[in-house]
Amino acid sequence: MLNVEFIHPKFLLTWILILFMRIGVFIPFKAQVVAGKAIGRMMHPFMHKLRSTAYSNISHCFPEKKQPQVERLVKRHFEAIGVSFFETANAYYGSDNKIKKLLTIKNEHFFKDALKEEGGIILLCSHFMPLMLGSRALLIKHTIANIYRPQNNTLFDSAMVKGYKKNGAVMIKSTDTRSIIKAINNSLPIWYAPDQDLGKNNSVFAPFFGIQTATASATARLAKNNNTRVIPYSFIRTSNGYLMSFEKPISNYPSNDPIHDATVINQILEKQINHSPEQYLWIHRRFKTRPNDEKNFYKFN
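The structure presented is a predicted model; accordingly, all values stated were derived computationally and were not measured. Per-chain numbering applies: the sequence of each chain, read as written, is numbered from 1 onward. Thresholds applied to this predicted model are a pLDDT of at least 70 for local features of residues and 80 or more for the giving and counting of side-chain atom pairs; totals over whole chains, interfaces and linings are not thresholded and use all residues. To obtain the side-chain values, all non-hydrogen atoms of the structure were used and water was disregarded.

1. Brief notes about the overall build of the protein chain
A run of DSSP states H or I qualifies as a helix once it reaches four residues; a run of E qualifies as a strand once it reaches two. Both are numbered from the N-terminal end. Within the protein chain, the secondary structure is distributed over eleven helices and nine strands. Both definitions apply: the radius of gyration is a C-alpha atom measure, and the globule rule equals 2.2 Å times residues to the power 0.38. Over its C-alpha atoms the protein chain spans a radius of gyration of 19 Å, differing by no more than 12% from the 19 Å that the globule rule assigns to 301 residues. Relative accessibility thresholds used throughout: buried, under 20% of the residue-type maximum; exposed, over 50%; partly exposed, between the two (1.4 Å probe, protein chains only). Counting over 301 residues, the protein chain shows a buried share of 53%. In what follows, a contact means two residues having at least one pair of non-hydrogen atoms within 4.5 Å. Of the contacts formed within the protein chain by residues at least 6 apart in sequence, a portion of 77% connects residues at least 24 apart. Accessible surface area values rest on a Shrake-Rupley calculation with a 1.4 Å probe, where residue burial reflects the displayed protein chains alone. In the structure as shown, the protein chain presents an accessible area of about 15,300 Å², 55% of it carried by carbon and sulfur atoms. In the protein chain, 40 positive and 21 negative side-chain charges are present, and the distance between their average locations comes to 7 Å. Positive residues here are Lys and Arg, negative ones are Asp and Glu, while His and the chain termini are left out of the count. Charge placement uses NZ in Lys and CZ in Arg. For Asp and Glu, CG and CD serve respectively.

2. Brief notes about helix α1 (residues 12–24)
What a helix should span is 1.5 Å times the count of its residues minus one. Given a rise of 1.5 Å per residue, 13 residues ought to cover 18 Å, and the 18 Å separating the end C-alpha atoms of α1 matches this to within 8%. Every buried residue belonging to α1 is among T14, I18, M21 and G24, and all of these are buried. The buried residues of α1 occupy an angular sector of 120 degrees when projected down its axis, which confines them to one face. Residues L12 and F20 are exposed on α1 and point more than 90 degrees away from its buried face. Taking the helix axis as origin, the arc is that swept by the directions to the C-beta atoms.

3. Overview of the packing of aromatic side chains
Note on ring pairs: Phe, Tyr and Trp rings are taken, using the six-membered ring of Trp, and paired if centres are within 6.5 Å. Classes follow the plane angle, with under 30 degrees stacked, over 60 edge-to-face and the rest tilted. Enumeration according to the criterion identifies 17 aromatic pairs in this entry. Each ring, one from Y92 and one from F156, has its centre 5.8 Å from the other, and the planes form 55 degrees; the classification is tilted. Separated by 64 residues along the polypeptide, Y92 in helix α4 (residues 67–93) and F156 in helix α8 (residues 154–165) bring together distant segments of the chain. With respect to burial, Y92 and F156 carry one shared label: buried. An aromatic cluster is present here, built from F62, F128, F208, F209, Y280, W282, F287, F297 and Y298 joined pairwise through their rings. Two conditions define a charge sitting above a ring: the NZ of Lys or the CZ of Arg must be within 6 Å of the ring centre, and it must be within 35 degrees of the ring normal. Between K65 and the ring centre of F62, over which it is positioned, the NZ or CZ distance is 5.6 Å.

4. Re the pairing of strand β8 (residues 229–237)
Successive residues of a regular strand alternate their side chains across the two faces of the sheet. Burial analysis of β8 places nine of its nine residues in the buried class, which makes it a mostly covered element. Criterion used throughout: strands pair if DSSP finds at least two bridges between them. Here strand β2 (residues 121–124) runs beside β8; their pairing, made up of four bridges, is parallel. Bridged to I121 within β8 is R229. A loop of four residues connects β8 with strand β9 (residues 242–246), the two strands running antiparallel in sequence, and G241 in this loop sits at a positive phi of about 160 degrees.

5. Examining unusual backbone geometry
A cis amide bond, omega 0 degrees, links Y253 with the succeeding residue P254. Looking at the element boundaries, P254 is found in the loop between β9 and α11 (258–275). For F209, which is not glycine, the phi torsion reads 55 degrees and is therefore positive.

6. Examining the side chain of N57
Assignment of secondary structure puts N57 in helix α3 (residues 48–61). Note on N57: relative accessible area 1%, which makes it buried. At 2.8 Å, the side chain of N57 forms a polar contact with the backbone oxygen of H284. Dropping the residues within four chain positions of it, N57 is found in contact with W282, H284, R286, F287, F297 and Y298. Any pair of N or O atoms that falls within 3.5 Å is considered a polar contact. Within protein, one atom must be able to donate a hydrogen and the other to accept it, and sequence-neighbouring residues count only if both atoms are side-chain atoms.

Below, the structure written as structure tokens:
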């Protein structure tokens, strides 16, 4: 049933966006990629603040790259942002059959073996542009709990939650620690992407591309419950579809050293980013929180 709250002029653009998303799912994959990249190239000149953030992140993470190389990678990143419009549409409204045809699955046995045993499972994800579709693709064969941050736009948030729930997901807000732990204790796999700047109170500083970075400490704390295995999971766009990859559960994790644990997580993320750097979320101010109150390197704060 339609919430009357959403029948308001302030949601007009969101309704138009949702309409285009519903139409967009019927476009073939390769045409989606071509159209999405074109959208990204059109966005690039006008998104000054986001472009500046992406440039700062990439230039600091890859100091060996010269300015023209960084600028090319920023442009490719904006192309990936454009494609993510269709990827998000496919996540909310695409059919299982369409998504299944696009998947190449690697090392799924790590996840299946973990499911056969008692205990919690954390599918450790990262903020790559096909992130939403990567979660949706898991639901084709598995029941999982999505740990998510509610969107500021309540209509779009409602569309996201409804889109996942109708495909079998359990939706848990990232602030609802009690429900997250309950899911882990009930051996319900959770899909968890902690690679964002959450501030000093919820983080420890650990190296990420050689930069001391505020890294969420919650992953290690959650993994202490119910013999939880942490399985790195990635979902990357390829020329023919998407590569869904699982890695071996992280051994000796968590330890008694929060900084060591955060470093392990960051090293896994670095490896994933180096595989497809243009698809990572570089427009997030990942290094905004700095140790010892040192100034961050972003032009716009």
